[in-house]
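Listed below, chain by chain, are the residues.
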Amino acid sequence: MAVSIEIALPGQLEADVLGIPVAEPVERLTGDGAHIVDEKLGGRLQRLAQTGDLRGGVGETLVLYTEGELRAPRVVLAGVGPRDRLDADALCTAAAASVQEAPAGTVMWLLDESLPLRVEEQAAALVEGSVLGAYDPGRWKTDRDERQRLRRVVLGHFDSDGLRAAADRAALVAERTNRARDLANAPPNELTPVLLAEHAERLASEHEHLTFAALGPAKIDELGMGAFSAVAQGSANEPRLIVLRYDPPRSSGSDAVLGLVGKAITFDSGGLSIKPAKSMEGMKGDMAGGGAVIEGTGAIAALGLAVRTIAVVAACENVIGPKAYKPGDILRAANGKSIEVINTDAEGRLVLADALWYARREGATHVLDVATLTGAMELALGDLYGGLFANDDDWGERVRGAAERSGDRAWPFPLHPRYRRYIDSAFADMKNASTLRQGSPALAAEFLHEFAGDGAWAHLDMSGPGFLERSRGDYMRVPGGTGWGVRLIAELAASLA
Ligand code: BES
Ligand code: MN
Ligand code: ZN
């Protein structure tokens, strides 16, 4: 449900919680708003700073209860770390920690002109952190207290067009990120490939310039997508190739067509090369890349960005059934290449192979795929960074820049033709996995490279940051889906528009 944004001078509006960013050293209280509040509270803020009760580390919070001195019953003092090193990430984290400590229907944030960050950036970061921090993964709990669900964020400042635009954009993208989290957190018995397609269809119906199509098993076979089809055939739940097309109301004048390709394995058991129970636990989240592509495309449409976009999401289950594909099977992908199956748990690259081909066929010039592809990528980068592979330096750098600015961070990894020999097959054009216990993210990327077609292509392996086992300690403070990729996609598309 949409969070509304308002801009008002401090004191003009009632809020359930008044948030005040506090930078170190905390003894030096800054910002006109904070001084007024301190005065109204009889110098309480200054005293707390002197006694050491008020701490300014990033994410540290102190909640005060007021008794009619302010038009807010609670004040949260939100640490943002050292003043001279302040950035958007710190403000975002502070806001998220605050709404978690002091949940509220309406939170008002005081902006501070004296901080070394433009007020537009402060606004965007505080809104983003509030929306992401208020996310509740417990949608399936029976008794949920709705009273303190975040409905409104108020920014305490003079109104201006720039401030409003920055805050609205941040709210929109953060809400789409939360929707992608909902998708990743949805249980696999509920979120089947067909349901994910219906979700995308509903999304498209909300936007005039977004159109939806979904291909079922017959059409998938007709197009010769033997790799995607093989993974899907073990399940009683039908696959869907979900296609969203965005034709902007006004064109940027460029011929670039952004192709977004997502892996959406709604559950990855490993198939016949079955995973051990522990490794299967988080595998409802193996559709997180596809979820990010769908919601990211929705964000592009909602922002009205001037870049033509085609999103292709391969959605199916990887489970065991009488028709399950087998190690030893040789598949024919839509681009004509043959693939020997070594391990049915290397299913992501198979479904992406055909989805990449389809995106190119539909005219994508600049392709980005997003996938929870290899466990080793998570081992390498942990929960913060995705791994980035690209066949084109400019495109890779553009994706990396968008990743860094958006907060969905990505770090470059190499593609190299000499990795290719590790997926050579004695029987087919290539095999889907190597027996070598080395370099699996790079081998997976080299495999995808075979299907990326002509033109710029980049691959993001988001196994680490896509789905959390625990709070990351920043603005992602609950386990489960993070919506990783939605902010990145919005930023990337904006850079092309
Ligand atoms: N979905 C997994 C990758 C994964 C693992 C994502 C852990 C998030 C957390 C993928 O389908 C997979 O099983 N990859 C295998 C490939 C191997 C068999 C070549 C892997 O990385 O172990
Ligand atoms: Mn797998
Ligand atoms: Zn998988």
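Rules of the game
Residues numbered from 1 in each chain as written. Chains lettered and ligands numbered in written order. Predicted model: local features only at pLDDT ≥ 70, side-chain atom pairs only at ≥ 80, totals over all residues. Heavy atoms only, no water. Pairing = 2+ DSSP bridges. Helix = DSSP H or I, 4+ residues; strand = E, 2+ residues; numbered from the N terminus. Axes fitted to C-alpha atoms, helices over the stretch in contact; angles between N-to-C directions. Contact = heavy atoms within 4.5 Å. Donors = N, O, S within 2.8 Å, 3.2 Å for Na, K, Ca; no water. Tetrahedral: all angles 85-135°; square planar, octahedral: opposite > 155°, others 65-115°. Buried < 20%, exposed > 50% of the residue type's maximum accessible area, 1.4 Å probe, protein only. Domains from an automatic or database assignment. Buried area = accessible area lost by both parts, 1.4 Å probe. Salt bridge = Lys/Arg side-chain N within 4 Å of Asp/Glu carboxyl O. Polar contact = N/O pair within 3.5 Å; in protein donor to acceptor, adjacent residues only side chain to side chain. Nonpolar A, V, L, I, M, F, W, Y, C, P; charged D, E, K, R; others polar.

Observations concerning the sheet that holds strand 2 (residues 17–24)
Strand order in the open sheet made by the six strands is 1-6-5-2-4-3, with mixed pairing throughout. Both outer strands of the open sheet, strand 1 (4–8) and strand 3 (61–65), are each paired with one neighbouring strand and no more. For this sheet, the mean inter-axis angle between neighbouring strands, taken without regard to orientation, is 25°. Bridge count between strand 2 and strand 5 (residues 106–110): three bridges; the pairing is parallel. Looking at the pairing, Leu 18 lines up with Met 108 of strand 5. Each of strand 2, strand 3, strand 4 (74–82) and strand 5 is contacted by helix 3 (residues 88–101), which is oriented at about 150° to strand 4, the strand it contacts most.

Digging into the coordination of the manganese ion (ligand 2)
Bound to the manganese ion (ligand 2) on the protein side are Asp 268 (OD), Asp 345 (O), Asp 345 (OD) and Glu 347 (OE), at distances that span 2.0 to 2.2 Å. Viewed at the metal, the six donor atoms of the manganese ion (ligand 2) are separated by angles of 69 to 167°, and the geometry they form is irregular. The sequence pattern formed by the donor residues of the manganese ion (ligand 2) is D-x76-D-x1-E. Between the two metals, the manganese ion (ligand 2) and the zinc ion (ligand 3), the spacing is 3.2 Å, and Asp 268 donates to both. Highlighted residues: Asp 268 in strand 9 (residues 257–268) and Asp 345 in the loop between strand 12 (338–340) and helix 11 (348–361), separated in sequence by 77 residues. Assessed through its relative accessible area of 22%, Asp 345 is described here as partly exposed.

As for the domain arrangement of the protein
One widely used convention gives an interface's size as the accessible area the parts lose upon coming together. One can read the domain layout of the protein as domain 1 (4–134) and domain 2 (177–496). Between domain 1 and domain 2, the C-alpha centre-to-centre distance is 39 Å. Domain 1 puts 10 residues into the contact, and the matching count from domain 2 is 12 residues. For the domain 1 and domain 2 pair, buried surface summed over both sides reaches about 840 Å², with 51% attributable to carbon and sulfur atoms. Sorting the residues of domain 1 by area buried against domain 2 places Asp 89, Gln 100 and Leu 132 first, and these three jointly supply 55% of that buried surface. Glu 128 is paired through a salt bridge with Arg 487; the nearest N and O atoms lie 2.6 Å apart. The interface formed by domain 1 and domain 2 contains five residue pairs in polar contact (both at pLDDT 80 or more). A total of six residues in the side of domain 1 that touches domain 2 trace back to one element, the largest contributor, which is helix 3. Among the residues forming the side of domain 1 that touches domain 2, the class breakdown is five nonpolar, three polar and two charged.

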